Amino acid sequence: MIRVFRFVSVAEAFSFLLLLLVAMPLKYGADAPVGVQVMGPVHGVLFMAYVGLVFLVREQLGWDLKRTVLALGAAVLPVAPFFVERHWTRPAAEPVPAGRGA
């Protein structure tokens, strides 16, 4: 389940960036709304999957309430799910490799 969460976290962040940096400028700058019509629903599904998976993996990862709320808040920031995937998806019992900060 953690592997699925990591994948969805990255996909959600990429879809958000594509929506903000490609689809929205095309819609308003080039009068081409098709990008938003495609990426909007894709991002919406990934956003909902991310939020649901936060609740499913929080216990496996040993997250407390504060970390869970921060992970949920990360869903509304364009690049924050990359941080969550990279730094918070190791189970609490798994040591961090030498030379890498958590």
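Only a predicted model underlies this, so the values are computations on that prediction, with no experimental measurement involved.

### Re unusual backbone geometry
A positive phi angle is found at D31, which is not glycine, with a value near 50°. For D31, the location among the structural elements is in the loop between helix 1 (2-29) and helix 2 (34-57). Take D31: its relative accessible area is 67%, and that puts it in the exposed class.

### Remarks on a nonpolar patch on the surface
On the surface, L18, L20, L21, V22, M24, L26 and Y28 cluster together to form a nonpolar patch covering roughly 650 Å² of accessible area. According to the relative accessible area criterion, L20 is partly exposed, its value standing at 35%.

### Some thoughts on helix 1
For helix 1, which comprises 28 residues, the first-to-last C-alpha distance of 39 Å matches the rise-based estimate of 40 Å (1.5 Å per residue) to within 8%. The largest bend in helix 1 amounts to roughly 35° and is located at L19. When we look at burial in helix 1, the residues that qualify are I2, F5, V8, S9, A11, E12, A13, S15, F16, L19 and A23. Looking at the packing, one finds that the buried side of helix 1 touches helix 2 and helix 4 (80-87).

### Description of the nonpolar core
With 15 residues, the main nonpolar core has F5, Y50, V54, W63, A71 and V84 as its most contacted residues. Among the elements of the structure, helix 1, helix 2, helix 3 (65-74) and helix 4 are those that each provide at least two residues to this core. By residue number, the principal contributor to this core is helix 2, which donates four residues. Not counting the four nearest positions on each side in its chain, Y50 is found in contact with F5, V8, S9, E12, A71, A74, A75, P81 and V84.

### A word on the confidence of the model for the protein
Per-residue confidence for the protein averages 86 on the pLDDT scale, and 88% of its residues sit at or above 70. The least confident element of the protein, judged by mean pLDDT, is helix 4 at 80; the most confident is helix 2 at 94.

### Here we look at the packing of aromatic side chains
Following the criterion strictly, the structure yields five aromatic pairs and no others. Seen in terms of ring centroids, F5 and W63 are 6.0 Å apart; in terms of plane orientation they differ by 75°. Their pairing is edge-to-face. Linking F5 in helix 1 with W63 in the loop between helix 2 and helix 3, this pair joins segments that are 58 residues apart in sequence. Judged by relative accessible area, W63 falls into the buried class, the value being 6%.

Rules used in this analysis
- Residues numbered from 1 in each chain as written.
- Predicted model: local features only at pLDDT ≥ 70, side-chain atom pairs only at ≥ 80, totals over all residues.
- Heavy atoms only, no water.
- Helix = DSSP H or I, 4+ residues; strand = E, 2+ residues; numbered from the N terminus.
- Buried < 20%, exposed > 50% of the residue type's maximum accessible area, 1.4 Å probe, protein only.
- Patch = residues over 30% accessible without salt bridge, like charges linked within 9 Å, V, L, I, M, F, W, Y side chains within 5 Å.
- Areas by Shrake-Rupley, 256 points an atom, 1.4 Å probe, with all protein chains shown as cover.
- Salt bridge = Lys/Arg side-chain N within 4 Å of Asp/Glu carboxyl O.
- Expected span 1.5 Å × (residues − 1).
- Bend = angle between axes of the 7 residues up to and from the residue.
- Contact = heavy atoms within 4.5 Å.
- Core = buried A, V, L, I, M, F, W, Y, C linked by side-chain atoms within 4.5 Å.
- pLDDT = per-residue confidence, 0-100.
- Phe/Tyr/Trp six-rings, centres within 6.5 Å; stacked < 30°, edge-to-face > 60°.

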